[in-house]
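Summary of structural features
Residues per chain, in single letters:
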Amino acid sequence: DQQVKQNSPSLSVQEGRISILNCDYTNSMFDYFLWYKKYPAEGPTFLISISSIKDKNEDGRFTVFLNKSAKHLSLHIVPSQPGDSAVYFCAAIMGVGGSNYKLTFGKGTLLTVNP
Amino acid sequence: EPEVTQTPSHQVTQMGQEVILRCVPISNHLYFYWYRQILGQKVEFLVSFYNNEISEKSEIFDDQFSVERPDGSNFTLKIRSTKLEDSAMYFCASRPGRGRSSGANVLTFGAGSRLTVL
């Protein structure tokens, strides 16, 4: 039951270029989306989020785009830096704001930024 | 910056033994969660906890699992009789509570407890 899909297990980019990580979802009940970054031996760390009522959210080098009709979101990192190398998880929430909140993760994409 | 603290960082146990994983969520958070990640697989939801009771659990969270908040600060996950397939990284997470702001809905995760069942 893969409601949140990250079809690329890995991505490799050069330092300074743009990294684009993609995520697709199947459940139209999701109303909030997040990206988490995870380094080895650490827990997932929140990076950026977007509400389903928006189509773009930007925070410094990170921008998340949401295409609700395509049930697709993407994370853009520009310029990419070697320290961005990590596993990036897409996550989606049902029941935002309520006690029936549930967060579902994708499988993750390993980003490697080469100097 | 407030953080979620988990202990132990790594536990090795024999199959059939009981294990307790401990978590100290962020102090003003109201909702608590356990997730796990088996090596090479995705992070999976186990259970959510609010107002001193389980609000939701996944099908993974069967009778061998239990959670409690014994003293208002700790949040524990107990695995009664461990199996080989319980070997995983277990993450505790918490969030503040109600509302639609990003702050209320972002889970903050601990660094995880690695469980190895032999």
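Our subject is the structure that appears above.
The text that follows walks through the structure, step by step, so that each part is easy to find. Predicted model only: the values in this text are computed from it and were never measured.

**Digging into the overall build of chain A**
The number of helices and strands found in chain A is 0 helices and 11 strands. Moving toward the C terminus, one meets the helices and strands of chain A in the order β-β-β-β-β-β-β-β-β-β-β. Relative to its length of 115 residues, chain A is compact, with a C-alpha radius of gyration of 14 Å against a globular reference of 13 Å. The principal-axis extent of the C-alpha atoms belonging to chain A is close to 45 × 30 × 20 Å. For chain A, the residues scored as buried account for 50% of the 115 residues in total. Partitioning the intrachain contacts of chain A with sequence separation of at least 6 by distance along the chain shows that 55% fall at a separation of at least 24.

**Re the pattern of salt bridges**
In the structure shown here, the tally under the stated rule is 4 salt bridges over all chains. One salt bridge connects Arg61 of chain A with Asp84 of chain A, and the closest N-O pair in it is separated by 2.8 Å. Of this pair, Arg61 of chain A sits in the loop between β6 (56–59) and β7 (62–67) while Asp84 of chain A sits in the loop between β8 (72–77) and β9 (86–94), and the two are 23 residues apart along the sequence. For the pair Arg61 of chain A and Asp84 of chain A, a shared accessibility class is recorded, and that class is buried. In this structure, Lys102 of chain A and Glu56 of chain B form a salt bridge, with 3.6 Å as the shortest nitrogen-oxygen distance. In this pair, Lys102 of chain A is assigned in strand β10 (residues 102–105) and Glu56 of chain B in strand β6 (residues 53–57), connecting two distinct chains. For Lys102 of chain A, a relative accessible area of 24% gives the class partly exposed.

**Digging into the packing of aromatic side chains**
Any two aromatic rings considered together are summarised by their centre-to-centre distance and by the angle between their planes. Residue and element names in this part refer to chain B. Going through the model one piece at a time under the given rule, you end up with 18 aromatic pairs over all chains. Between Phe32 and Phe75, the ring centres sit 5.6 Å apart and the planes meet at 40°, which makes this aromatic pair tilted. Placement of the pair is Phe32 in strand β4 (residues 31–37) and Phe75 in strand β8 (residues 75–79), with a sequence separation of 43 residues. Accessibility classification places Phe32 together with Phe75 in one group, the buried group. Pairing Tyr33 with Tyr35 gives two aromatic rings, centres 6.5 Å apart and planes at 40°, and the pair type is tilted. Residue Tyr35 is classed as buried on the basis of its relative accessible area of 1%.

Rules used in this analysis
Numbering of residues starts from 1 in every chain and runs along the sequence as written. Following the order in which they are written, the chains are lettered starting with A and the ligands numbered starting with 1. Per-residue local features of the predicted model are confined to residues with pLDDT of at least 70, and side-chain atom pairs are confined, for both listing and counting, to 80 or more; whole-chain, interface and lining totals are unaffected and use all residues. Only hydrogens and water are removed before side-chain values are computed, so all heavy atoms of the structure are retained for them. Helix and strand assignments follow DSSP, with helices taken as H or I runs no shorter than four residues and strands as E runs no shorter than two, numbered in order from the N terminus. Values of the radius of gyration come from C-alpha atoms, whereas the globule rule sets the reference at 2.2 Å times the count of residues to the power 0.38. Summary of the burial criterion: residues with accessible area below 20% of their type's maximum are buried, those above 50% are exposed, and those between are partly exposed, where the area comes from a 1.4 Å probe applied to protein chains only. Residue contacts are counted whenever heavy atoms from the two residues lie within 4.5 Å of one another. By salt bridge we mean one thing: a side-chain nitrogen of Lys or Arg within 4 Å of a carboxyl oxygen of Asp or Glu. In this scheme Phe, Tyr and Trp rings, the latter by its six-membered ring, pair at centre separations within 6.5 Å, and the angle between planes marks the pair as stacked below 30 degrees, edge-to-face above 60, and tilted otherwise.

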